[in-house]
Amino acid sequence: MQSEVLIEAEKLTKKFGDLVAVDGISFKILKGECFGFLGPNGAGKTTTMKMIHCVLPSTMGELTVAGMDVARNGREIRQMIGVAPQEDNLDPDFTVFHNLIVYARYFDISKAEAKKRADELLNFVQLEEKRDVIIEHLSVGMKRRLILARALLNEPQILILDEPTTGLDPQARHLIWSKIRSLQKQGVTIVLTTHYMDEAAKLCDRLIIMDRGKIIEEGNPPDLVKKHVGEEVLEVAHDEKVMRLLQETFQGARLEVVGEKIHVFTNKSRGVFAQMLREVPFKEAVIRDANLEDVFLKLTGRRLRK
């Protein structure tokens, strides 16, 4: 059975004067999946997401949501989307509960229904005990959970999450992840951007990696890891003699110096590094599983972006 395409872009482009923020990208997001946008700062991720939820018009190309054109059906599309932005834009003068009630007015939700949904959502994000607390007395994690609850007030079919767990402690991050998975099981389509590669690997069914406004790779996390960096990575203390030996032993492998370490990436099967270390023990040698961060750094580089 073929999956339904819910969001589709074709040669989508956004320019700000001479700056091309999004450069002719094409992608499809399926109904009910968790789809990720990854990329360095300035890659065009957030701009793309703003075009999806109709707060930023495109310059060229086509973009549809549930078969509707974002340029002509913005109001209808916004009604079916919930947005949790990266920034904290809660009203500091209101309580937790009142923030939700006021927001519900944007969707013409009746007062009685708004109160019902607000109570249910505060329970969902485990903030029921903070119902009557002023926003400034909440922790960063509590604010992020409230922003998620607010994004769900209109019972959206699509939930857009921009850096949903930035700055959170591990407990809060895992709670947010649990809630995202729960929403997806209920049929909500999740679209997210994140700088945490472990988050993307755990949550995303598929993702695209963007750089300088273009899509440079697309796929599901396990396949991308296997395609670009293999199954395992060997890390050893950097030494020119060791470097030469590694180059001779793993011809065709990618060797990268990262700080005081040499990272060895190969498409050889799991266990080849362990076999080598039994024969030639290296100083400070570590074998670890390859991961999505390895893929990200290989494709976008290690240089910091402003």
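Rules used in this analysis
- Sequence positions are assigned chain by chain, starting from 1 and proceeding in written order.
- Only residues with pLDDT of at least 70 are given local features in this predicted model, and only at 80 or more are side-chain atom pairs given and counted; all residues enter the totals for whole chains, interfaces and linings.
- The side-chain quantities take in all heavy atoms of the structure and omit both hydrogens and water.
- Helix and strand assignments come from DSSP, with helices taken as H or I runs of at least 4 residues and strands as E runs of at least 2, each series counted from the N terminus.
- Only protein chains enter the area calculation, which uses a 1.4 Å probe; residues under 20% of their type maximum are buried, those over 50% are exposed, and those in between are partly exposed.
- Only heavy atoms enter the contact rule, under which two residues are in contact if any of them lie within 4.5 Å.
- Under the convention used here, a 1.4 Å probe and the Shrake-Rupley method define accessible areas, while residue burial counts only the protein chains that appear.
- Counting rule for charge: Lys and Arg are taken as positive, Asp and Glu as negative, and neither His nor the chain ends is counted.
- Taken as the charge location is NZ of Lys, CZ of Arg, CG of Asp or CD of Glu.
- Strands qualify as paired when DSSP identifies two bridges or more between them.
- Axis lines are fitted through C-alpha atoms, for helices just across the contact stretch, and the angle between N-to-C directions can take any value from 0 to 180 degrees.
- A pocket, in this scheme, is an open set of points on a 1 Å grid over the protein atoms alone with protein on both sides within 12 Å along at least 5 of 7 lines, while a cavity is a set where a 1.4 Å probe fits but cannot get out; residues line either one if an atom lies within 4 Å of a point.
- Grid points are joined across faces, edges and corners, and a volume is the space filled by probe spheres set on the points.
- Three categories are distinguished: nonpolar for Ala, Val, Leu, Ile, Met, Phe, Trp, Tyr, Cys and Pro, charged for Asp, Glu, Lys and Arg, and polar for the others, with Gly belonging to the last.
- Take the number of residues in a helix, subtract one, and multiply by 1.5 Å to get its expected span.
- In plain words, nonpolar cores are sets of buried Ala, Val, Leu, Ile, Met, Phe, Trp, Tyr and Cys residues tied together by side-chain atoms within 4.5 Å.
- Salt-bridge detection follows one rule: a side-chain nitrogen of Lys or Arg within 4 Å of a carboxyl oxygen of Asp or Glu.

1. Here's the deal with the overall build of the chain
Turning to step 1, where the next piece is worked out: Scanning the chain from N- to C-terminus turns up eleven helices and 14 strands.
Turning to step 2, where the next piece is worked out: Residues counted as buried form 48% of the 306 residues belonging to the chain.
Turning to step 3, where the next piece is worked out: For the chain, long-range pairs separated by at least 24 residues make up 67% of all intrachain contacts whose partners lie at least 6 apart in sequence.
Turning to step 4, where the next piece is worked out: Carbon and sulfur atoms make up 48% of the accessible area of the chain, which amounts to about 15900 Å² in all.
Turning to step 5, where the next piece is worked out: Computed over 45 positive and 45 negative side-chain charges, the separation of the two mean positions in the chain equals 1 Å.

2. A word on the sheet that holds strand β11 (residues 232-237)
Turning to step 1, where the next piece is worked out: If you trace the four strands from one edge of the open sheet to the other, you get β12-β13-β11-β14, paired in antiparallel fashion. With partners counted over all chains shown, the strands left at the sheet margins are β12 (254-258) and β14 (286-289), one partner each. Direction aside, neighbouring strands of the sheet carry axes that sit 25° apart on average.
Turning to step 2, where the next piece is worked out: Bridging between β11 and strand β13 (residues 261-265) involves five bridges; their strand directions are antiparallel. Across the sheet, the residue bridging to Val233 is Phe265, located in β13.

3. Here's the deal with the layout of surface pockets
Turning to step 1, where the next piece is worked out: By volume, the largest pocket amounts to about 700 Å³.
Turning to step 2, where the next piece is worked out: Elements represented by at least two residues in the lining of the largest pocket include exactly α1 (45-52), α2 (74-79), β6 (81-84), α3 (96-104) and β7 (158-162).
Turning to step 3, where the next piece is worked out: Here the lining of the largest pocket gets four residues from one element, more than from any other, and that element is β6.
Turning to step 4, where the next piece is worked out: In terms of residue class, the lining of the largest pocket is built from 13 nonpolar, seven polar and eight charged.

4. Side note on helix α6 (residues 170-185)
Turning to step 1, where the next piece is worked out: Taking 1.5 Å of rise per residue, 16 residues should cover 22 Å, and α6 covers 23 Å from first to last C-alpha, within 8% of that figure.
Turning to step 2, where the next piece is worked out: Restricting attention to buried positions, one finds in α6 the residues Ala172, Arg173, Leu175, Ile176, Trp177, Lys179, Ile180, Leu183 and Gln184.
Turning to step 3, where the next piece is worked out: Looking at the packing, one finds that the buried side of α6 touches β3 (34-38), α4 (111-124), α5 (140-151), β7, β8 (189-193) and α7 (197-203).
Turning to step 4, where the next piece is worked out: Of the residues flanking the end of α6, it is Gly187, one or two places downstream, whose phi is positive at about 100°.

5. Details of the nonpolar core
Turning to step 1, where the next piece is worked out: Counting 53 residues, the largest nonpolar core has Leu38, Leu146, Leu159, Leu161, Ile190, Leu207 and Leu292 as the members making the most contacts within it.
Turning to step 2, where the next piece is worked out: Setting aside its immediate chain neighbours within four residues, Leu159 contacts Gly82, Leu148, Ala151, Leu152, Leu183, Val188, Thr189, Ile190 and Val191.
Turning to step 3, where the next piece is worked out: Leu63, Ile81, Ile158 and Met210 belong to the second largest nonpolar core, which has 27 residues in total.

6. Looking at the sheet that holds β8
Turning to step 1, where the next piece is worked out: If you trace the six strands from one edge of the open sheet to the other, you get β6-β7-β8-β3-β9-β10, paired in mixed fashion. Because the sheet does not close on itself, it has two edges, and the strands there are β6 and β10 (214-219). Here the average twist between neighbouring strands, direction ignored, is 15°.
Turning to step 2, where the next piece is worked out: Judged from the five bridges that link them, β7 and β8 form a sheet pairing that is parallel. Across the sheet, the residue bridging to Ile158 is Thr189, located in β8.
Turning to step 3, where the next piece is worked out: Its contacts with the sheet place helix α8 (residues 221-229) against β9 (206-211) and β10, and it is angled at close to 105° to β10.
Turning to step 4, where the next piece is worked out: The sheet strands contacting helix α11 (residues 292-300) are β3, β9 and β10, and the helix crosses β9 at an angle near 30°.

7. Re the pattern of salt bridges
Turning to step 1, where the next piece is worked out: Applying the stated criterion across every chain, the model contains 21 salt bridges.
Turning to step 2, where the next piece is worked out: Here Glu235 makes a salt bridge to Arg288, at a shortest N to O gap of 2.6 Å. With Glu235 in strand β11 and Arg288 in strand β14, the pair connects residues that are 53 residues apart, well separated along the chain.
Turning to step 3, where the next piece is worked out: Classification of Glu235 as buried rests on a relative accessible area of 15%.
Turning to step 4, where the next piece is worked out: A salt bridge links Glu256 to Arg254, with the nearest nitrogen and oxygen atoms 2.8 Å apart.
Turning to step 5, where the next piece is worked out: Under the relative-accessibility criterion, Glu256 is labelled buried at 19%.
Turning to step 6, where the next piece is worked out: On the accessibility criterion, Arg254 (23% relative accessible area) is partly exposed.
Turning to step 7, where the next piece is worked out: In the salt-bridge network here, residues are joined through shared partners; they are Glu231, Glu232, Arg270 and Asp289.

8. Brief notes about α3
Turning to step 1, where the next piece is worked out: Of all nine residues making up α3, seven are buried, and the element is well covered by its neighbours.
Turning to step 2, where the next piece is worked out: Among the residues of α3, those classed as buried are Val96, Phe97, Asn99, Leu100, Ile101, Val102 and Ala104.
Turning to step 3, where the next piece is worked out: Those residues of α3 that are buried lie in contact with α4 and α5.

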